[in-house]
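Close look at the chain arrangement
Here is how the chains run, residue by residue.
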Amino acid sequence: MASLIKNNGVGSKVEEIDKAIETIDILNTRIYKTSKTIENSTYAQKLATEKSSKITTKMSEYATNIVEISKLISNGTKSTGGIMIQLDEMAKEMKK
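Being a predicted model, the structure only gives us computed values, none of them experimental.

Calculation notes
Residues numbered from 1 in each chain as written. Predicted model: local features only at pLDDT ≥ 70, side-chain atom pairs only at ≥ 80, totals over all residues. Heavy atoms only, no water. Helix = DSSP H or I, 4+ residues; strand = E, 2+ residues; numbered from the N terminus. Rg over C-alpha atoms; globule rule 2.2 N^0.38 Å. Areas by Shrake-Rupley, 256 points an atom, 1.4 Å probe, with all protein chains shown as cover. Lys, Arg positive; Asp, Glu negative; His and termini not counted. Charge placed at Lys NZ, Arg CZ, Asp CG, Glu CD. Patch = residues over 30% accessible without salt bridge, like charges linked within 9 Å, V, L, I, M, F, W, Y side chains within 5 Å. Salt bridge = Lys/Arg side-chain N within 4 Å of Asp/Glu carboxyl O. Buried < 20%, exposed > 50% of the residue type's maximum accessible area, 1.4 Å probe, protein only.

Further remarks concern the overall build of the protein chain. Along the backbone of the protein chain there are one helix and zero strands. Computed over C-alpha atoms, the radius of gyration of the protein chain comes to 41 Å, more than 25% over the 12 Å expected from 2.2 N^0.38 for 96 residues, which places it beyond the range of a compact globule. Principal-axis analysis of the C-alpha atoms gives the protein chain an extent of 140 × 10 × 10 Å. When the accessible surface of the protein chain is summed, it comes to about 9000 Å², and 63% of that surface belongs to carbon and sulfur atoms. For the protein chain, the separation between the mean place of its 15 positive charges and that of its 12 negative charges on side chains is 4 Å.

Here is the structure:
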């Protein structure tokens, strides 16, 4: 009878160990899945950041182009204004 109790005690411990191993396996699987989710999210975030950076660079280029075009328009307007003054003076001289 002592032998039977001893075996039952060992069997119980083996069951506990088996359940603990099963629990650890389940936790490892969850950790792996969570890690994969984090990895995928990080990759998606990296792609979004790269795209945002490219867009920001393009916007900066466009802003620089707008400034250059504005300078050209301003210079053109000044030239046109100068020509208008000259034409006005020439018209006044012709009337004399």
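Let us keep going from here.
Here we take up a negative patch on the surface. There is a patch of like negative charges on the surface, built from E15, E16, D18, E22 and D25. Mapped onto the elements of the fold, E22 is located in helix α1 (residues 2-95). Residue E22 is classed as partly exposed on the basis of its relative accessible area, which comes to 47%.

A contiguous nonpolar patch, built from I83, M84, L87 and M90 and spanning about 420 Å² of accessible area, is present on the exposed surface. By the element assignment, M84 lies in helix α1.

Within the element layout of this structure, S53 appears in helix α1. For S53, a relative accessible area of 42% corresponds to the partly exposed category.

This next bit is on the environment of E50. Within the secondary structure, E50 sits in helix α1. Separated by 13 residues in sequence, E50 and A63 place their C-alpha atoms 20 Å apart.

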